[in-house]
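Structural overview for review
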Amino acid sequence: MRNILKLLASCVLAMSLGACVFAQSYDQKIEAAMQKVDARIEQGPFAANWDSLQNYKIPAWYEDAKFGIFLHWGLYSVAAFNNEWYSRNMYQPDMPEFKHHIETYGPQTKFGYKDFIPLFKAEKFDAKHWAELFRKTGARYVVPVAEHHDGFSMYDNSYSEWNAVRMGPKRDVIAELSVAVREQGLHFGLSSHRAEHYWFFDGGRKFDSDVQDPKYADFYGDAVPQEQPPSQRFLKDWLARSTELVDKYNPELVYFDWWIGKKPEYKPYIQKFAAYYYNRAADRNAHVVLNYKEEAMPEDTAVLDVERGHFADTRPRHWQTDTSISWKSWCYVENDDLKSPEALIQLLVDVVSKNGNLLLNVGPKADGTFAPEAEQRMLTIGKWLEANGEAIFGTRPWRKFGEGPAQPASGAFKENSEKPYTSEDIRFTTKPGALYVIAMKRPPDNRLLVKSLPSSDATVRIRTVSLLGSSSKVNWTTTPDGLALELPKGVNSDLPIAFKLSLKE
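Residues numbered from 1 in each chain as written. Predicted model: local features only at pLDDT ≥ 70, side-chain atom pairs only at ≥ 80, totals over all residues. Heavy atoms only, no water.

Okay, the overall build of the protein next. Assigned secondary structure in the protein consists of 15 helices and 16 strands. Whereas a compact globule of 505 residues would reach a radius of gyration of roughly 23 Å, the protein reaches 25 Å, a difference of no more than 12%. Taking the principal axes of its C-alpha atoms as reference, the protein extends roughly 90 × 55 × 40 Å. A total of 505 residues make up the protein; the buried ones form 57% of that total. A separation threshold of at least 6 residues defines the contact pool for the protein, and within that pool the share at least 24 residues apart is 73%. Just so you have it, the protein exposes about 21400 Å², and 51% of that area is on carbon and sulfur atoms. With 62 positive and 66 negative side-chain charges, the protein shows a spacing of 3 Å between the two charge centroids. (Helix = DSSP H or I, 4+ residues; strand = E, 2+ residues; numbered from the N terminus. Rg over C-alpha atoms; globule rule 2.2 N^0.38 Å. Buried < 20%, exposed > 50% of the residue type's maximum accessible area, 1.4 Å probe, protein only. Contact = heavy atoms within 4.5 Å. Areas by Shrake-Rupley, 256 points an atom, 1.4 Å probe, with all protein chains shown as cover. Lys, Arg positive; Asp, Glu negative; His and termini not counted. Charge placed at Lys NZ, Arg CZ, Asp CG, Glu CD.)

And the structure:
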């Protein structure tokens, strides 16, 4: 009775002060999550420090997979204007989104970012159709964004009511996708961009907007200047949300965006997450991948991801690049500028030749459909992989990645500076007993000279040469200048062309 009276008294006090009972429940949930994380880490085998995490091994399924689909789908898909940072830029007076928002929806006091939620209905979303499309694309793993910088979760989030289960679509998008993707035999991953959220809406503090309304504080967050470090409260929230994704959806890959490496305050929390994730995987005898960017983690503790970029040469440790099918946006936007199928396949070939994976992003429309031009590119990649996937999936780098004048620069955000590939540009991949020669463009005279394979090279003894996807005979000869190949008649594709060199033992 005494405890009940204390509880009633505290509730009356909370109501009289205008406090939110949810806030008390929230704090209790967060502390329970922290205790759960610490308890699982204590059991091992991974501890929350870099020395222990360096025992991590990249799984073979991931090294073999080579190609994945990334998905940016959320509230920003409703506005479909400029890019996925609409949520931030609509509160930045010097950005085009600000002007567009006022002209289209009205001032931010009347229509804030939260007001897109009722418009986000996802009425045509069909997880099974998506998963079938991804399989036809040739992808081996799928990584939807569970939560972007905007703070709207696409899953059943226990720590905030601002999610797709309680609002908007009123569906657990991540749960539906996790089932459908796995039914297609693909690996399922998740992406979290939550780390940036605490400063993402800071523009709304600088003028009269709904960001300043206390009723929406849970959605818009701290909204502090970007230079300010995250609070301990926010960091605990980040860890609780991240580990909940692991517990609820068992992702085989978790991708974190760039901000976890920008502030030192994240360091102990990312160590805890990695240890928890790897230990939970060990509980299930699963083999998982954790992606990081830049220098957020030591390279032996997880897998490096290079956003919209390359390496100029083969990287000894397996890596990944992520880029969008769009030149300017990660989410669906109207009047978009999409990359050509030829460029996307060339990118895949170059990355694989250098010991990497390509995670290719596609942005669905708010209603849950894909733009026809985006779907067409995905299916074109799939048809190419159906014929040439032997030279991609399960391969490993050769002693050199390739030859030719087009050599992409190393680093992130370098894709706009690349030189176009020519018929002299060739990439190599290998499997036991086979070397694959992939011409990035079809030679205009249908003759290809592979300079890296002169007749003087006794280490490569060719038994037969075939053209993947074709039963036609390939004429070939070794010369002092290199391996001379002649394409069969009728080969007129503008897409990369893959030869298989069966080798003598």
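A word on empty space enclosed by the protein. If you roll a probe as big as a water molecule over the atoms, it shows you where there is empty space left. For the structure shown, the criterion picks out 3 cavities of 30 Å³ or more. Around the largest cavity, the lining residues are Leu71, His72, Trp73, Trp130, Pro144, Val145, Met154, Val173, Ile174 and Leu177. Breaking the lining of the largest cavity down by element, the ones donating at least two residues are strand 2 (141-147) and helix 9 (173-183). Of all the elements, helix 9 adds the most residues to the lining of the largest cavity, at 3 residues. Of the residues belonging to the lining of the largest cavity, the class tally is 9 nonpolar, 1 polar and no charged. The volume enclosed by the second largest cavity comes to roughly 40 Å³. What lines the second largest cavity is Leu190, Ser191, Ser192, Ser242, Leu245, Val246, Pro251, Val254 and Phe273. Within the residue set of the lining of the second largest cavity, elements represented by two or more residues are strand 3 (187-192) and helix 12 (232-249). (1 Å grid on protein atoms, 1.4 Å probe; cavity = no way out; pocket = protein on both sides within 12 Å on 5 of 7 lines; lining within 4 Å. Points joined across faces, edges and corners; volume = space filled by probe spheres on them. Nonpolar A, V, L, I, M, F, W, Y, C, P; charged D, E, K, R; others polar.)

The biggest cluster of nonpolar side chains holds 146 residues, and the ones touching the most others in it are Phe67, Tyr113, Trp238, Tyr278 and Leu290. If you tally residues by element for this core, the top one is helix 13 (residues 267-283), at 9 residues. If near-sequence neighbours (up to four positions away) are discounted, leucine 290 is found in contact with Tyr56, Val254, Phe256, Phe273, Ala274, Tyr277, Tyr278, Met297, Ala302 and Val303. Grouped together as the second largest cluster of nonpolar side chains are 21 residues, Val437, Val465, Val474 and Phe499 included. (Core = buried A, V, L, I, M, F, W, Y, C linked by side-chain atoms within 4.5 Å.)

Taken as a whole, the second largest pocket holds about 320 Å³ of empty space. Lining the second largest pocket we find 15 residues, and of these Trp327, Ala343, Gln346, Glu418 and Tyr421 sit closest to its centre. Here the lining of the second largest pocket is built from residues that sort into 6 nonpolar, 3 polar and 6 charged.

Turning our attention to the sheet that holds strand 4 (residues 253-256). Taken together, 8 strands build a closed barrel; the order of strands is 1-2-3-4-5-6-7-8 and the barrel is parallel. The sheet shows a mean angle of 25° between the axes of neighbouring strands, taken without regard to direction. Two elements, strand 5 (residues 289-293) and strand 6 (residues 303-307), share 3 bridges in a ladder whose sense is parallel. Residue pairing in the sheet places tyrosine 292 in a bridge with leucine 304 of strand 6. Across the sheet, helix 9 is in contact with strand 1 (67-71), strand 2 and strand 3; its angle to strand 3 comes to roughly 150°. (Pairing = 2+ DSSP bridges. Axes fitted to C-alpha atoms, helices over the stretch in contact; angles between N-to-C directions.)

Right, let's talk about the pairing of strand 2 for a bit. Among the 7 residues in strand 2, 7 count as buried, and that is most of the element. Sheet analysis places strand 1 next to strand 2, joined by 4 bridges and oriented parallel. When the bridges of strand 2 are listed, leucine 71 appears paired with proline 144. As defined by bridge partners, strand 2 adjoins strand 3 across 4 bridges and the pair is classed as parallel. Bridge pairing links tyrosine 141 to histidine 187 in strand 3.

Let's shift gears to unusual backbone geometry. Residues glycine 44 and proline 45 are joined by a peptide bond in cis, for which omega reads 10°. In this model, lysine 170 sits at a positive phi of 55°, which is unusual for a non-glycine residue. Here lysine 170 shows up in the loop between strand 2 and helix 9. The phi torsion at asparagine 446 lies on the positive side, around 65°, for a residue other than glycine. Here asparagine 446 is to be found in the loop between strand 11 (434-439) and strand 12 (447-450).

The next subject is the sheet that holds strand 16 (residues 497-503). Picture the strands of a sheet paired through backbone hydrogen bonds; they go either parallel or antiparallel. Pairing within the open sheet is antiparallel, and its 5 strands lie in the order 9-10-11-16-13. In the strand order of this sheet, the two ends are held by strand 9 (402-403) and strand 13 (462-467), each with one partner. In the packing of helix 14 (residues 341-353) onto the sheet, contacts are made with strand 10 (426-431) and strand 11, and the angle to strand 10 comes to roughly 55°.

Turning next to the packing of aromatic side chains. Evaluated as defined, the whole model comprises 48 aromatic pairs. Both rings, one in tryptophan 130 and one in phenylalanine 370, keep their centres 5.0 Å apart while their planes meet at 55°; by these two values the pair is tilted. Of the two residues, tryptophan 130 sits in helix 8 (residues 127-137) while phenylalanine 370 sits in the loop between strand 8 (356-362) and helix 15 (372-388), which places them 240 residues apart along the sequence. Here tryptophan 130 and phenylalanine 370 have matching classes, each one buried. Here the guanidinium or amino end of arginine 88 rests over the ring plane of phenylalanine 200, the centre of that ring lying 5.9 Å away. Directly above the ring of phenylalanine 401 sits lysine 354, whose terminal nitrogen or CZ lies 4.5 Å from the centroid. (Phe/Tyr/Trp six-rings, centres within 6.5 Å; stacked < 30°, edge-to-face > 60°. Lys NZ or Arg CZ within 6 Å of the ring centre and 35° of its normal.)

So, about the side chain of lysine 66. Among the structural elements, lysine 66 can be located in the loop between helix 4 (60-65) and strand 1. An unpaired buried charge is present at lysine 66: no salt bridge exists, and aspartate 64, the closest side chain of opposite charge, is 5.8 Å distant. A distance of 2.9 Å separates a polar atom in the side chain of lysine 66 from the backbone oxygen of threonine 395. Setting aside anything within four residues of it in sequence, one finds lysine 66 in contact with His318, Leu348, Val352, Gly356, Asn357, Leu358, Ile392, Phe393, Gly394, Thr395 and Arg396. (Salt bridge = Lys/Arg side-chain N within 4 Å of Asp/Glu carboxyl O. Polar contact = N/O pair within 3.5 Å; in protein donor to acceptor, adjacent residues only side chain to side chain.)

By the burial criterion, the buried members of helix 9 are Val173, Ile174, Leu177, Ser178, Ala180 and Val181. Positive phi appears at glycine 185, one or two residues downstream of helix 9, with a value of about 80°.

The next thing to look at is the packing of helix 8 against helix 15. At a minimum axis separation of 7 Å, helix 8 and helix 15 run at an interaxial angle of 45°. Put simply, helix 8 runs oblique to helix 15. The residues of helix 15 that touch helix 8, namely those facing His129, Leu133, Phe134, Lys136 and Thr137, are Glu375, Met378, Leu379, Ile381, Gly382 and Leu385. (Parallel < 35°, antiparallel > 145°, perpendicular 65-115°, else oblique.)

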